[in-house]
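Read off the chains here:
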Amino acid sequence: NLKPIVPGHVLILPKRVVPRLSQLTNDEYSDLFHSVRIVSNALEPYYSADAFNIAVQDGKEAGQSVYHVHVHILPRKAGDFQRNDDIYEELDNQKLNE
């Protein structure tokens, strides 16, 4: 991720570029989330993560700023944000296309 919110924040993308999840084939969708599981399993011990936020902003009104499907994986630790849900505001504030 060009603008990581927390240490270990990564993006997972399908090979084919499409703007919305609904445009992925069933196989692409399955592969995407299988990759999310593999990567999050690798990140957990490396970053000593207690939990994860897995996020997709699917469309402009959902806060998508780069118009190709991508999944955010954010390793979380106790106390990394004052309010747990502040991480969503940080995601909304990302402007990756600027």
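About the cut-offs
Residues numbered from 1 in each chain as written. Predicted model: local features only at pLDDT ≥ 70, side-chain atom pairs only at ≥ 80, totals over all residues. Heavy atoms only, no water. pLDDT = per-residue confidence, 0-100. Helix = DSSP H or I, 4+ residues; strand = E, 2+ residues; numbered from the N terminus. Core = buried A, V, L, I, M, F, W, Y, C linked by side-chain atoms within 4.5 Å. Buried < 20%, exposed > 50% of the residue type's maximum accessible area, 1.4 Å probe, protein only. Pairing = 2+ DSSP bridges.

## Section: the confidence of the model for the chain
Now for step 1: This prediction gives the chain a mean pLDDT of 90; 96% of its residues lie at or above 70.
Now for step 2: The spread of mean pLDDT over the elements of the chain runs between helix α2 (residues 86-93), the lowest at 79, and helix α1 (residues 26-46), the highest at 98.

## Quick look at the nonpolar core
Now for step 1: Counting 10 residues, the largest nonpolar core consists of Ile12, Val18, Leu21, Leu24, Leu32, Val36, Leu43, Val69, Val71 and Ile73.
Now for step 2: Breaking this core down by element, the ones donating at least two residues are α1 and β3 (71-76).
Now for step 3: By size, the runner-up hydrophobic cluster in this structure holds 7 residues, among which are Val6, Phe81, Ile87 and Leu91.

## A look at the environment of Phe81
Now for step 1: Mapping Phe81 onto the fold places it in the loop between β3 and α2.
Now for step 2: As for Phe81 and Ser65, which are separated by 16 residues in sequence, their C-alpha atoms are 23 Å apart.

## Structural notes on the pairing of β3
Now for step 1: Extensive coverage of β3 is indicated by the burial of 6 of its 6 residues.
Now for step 2: In β3, alternate side chains face the same way, and those of Val71, Ile73 and Pro75 on one face and His72, Leu74 and Arg76 on the other are all buried.
Now for step 3: Where strand β1 (residues 10-12) lies against β3, 3 bridges are found, and the strand directions are antiparallel. Bridging from a neighbouring strand, Ile12 pairs with Val71 of β3.
Now for step 4: Direction of pairing for strand β2 (residues 51-55) relative to β3: antiparallel, over a ladder of 5 bridges. Looking at the pairing, Asn53 lines up with Leu74 of β3.

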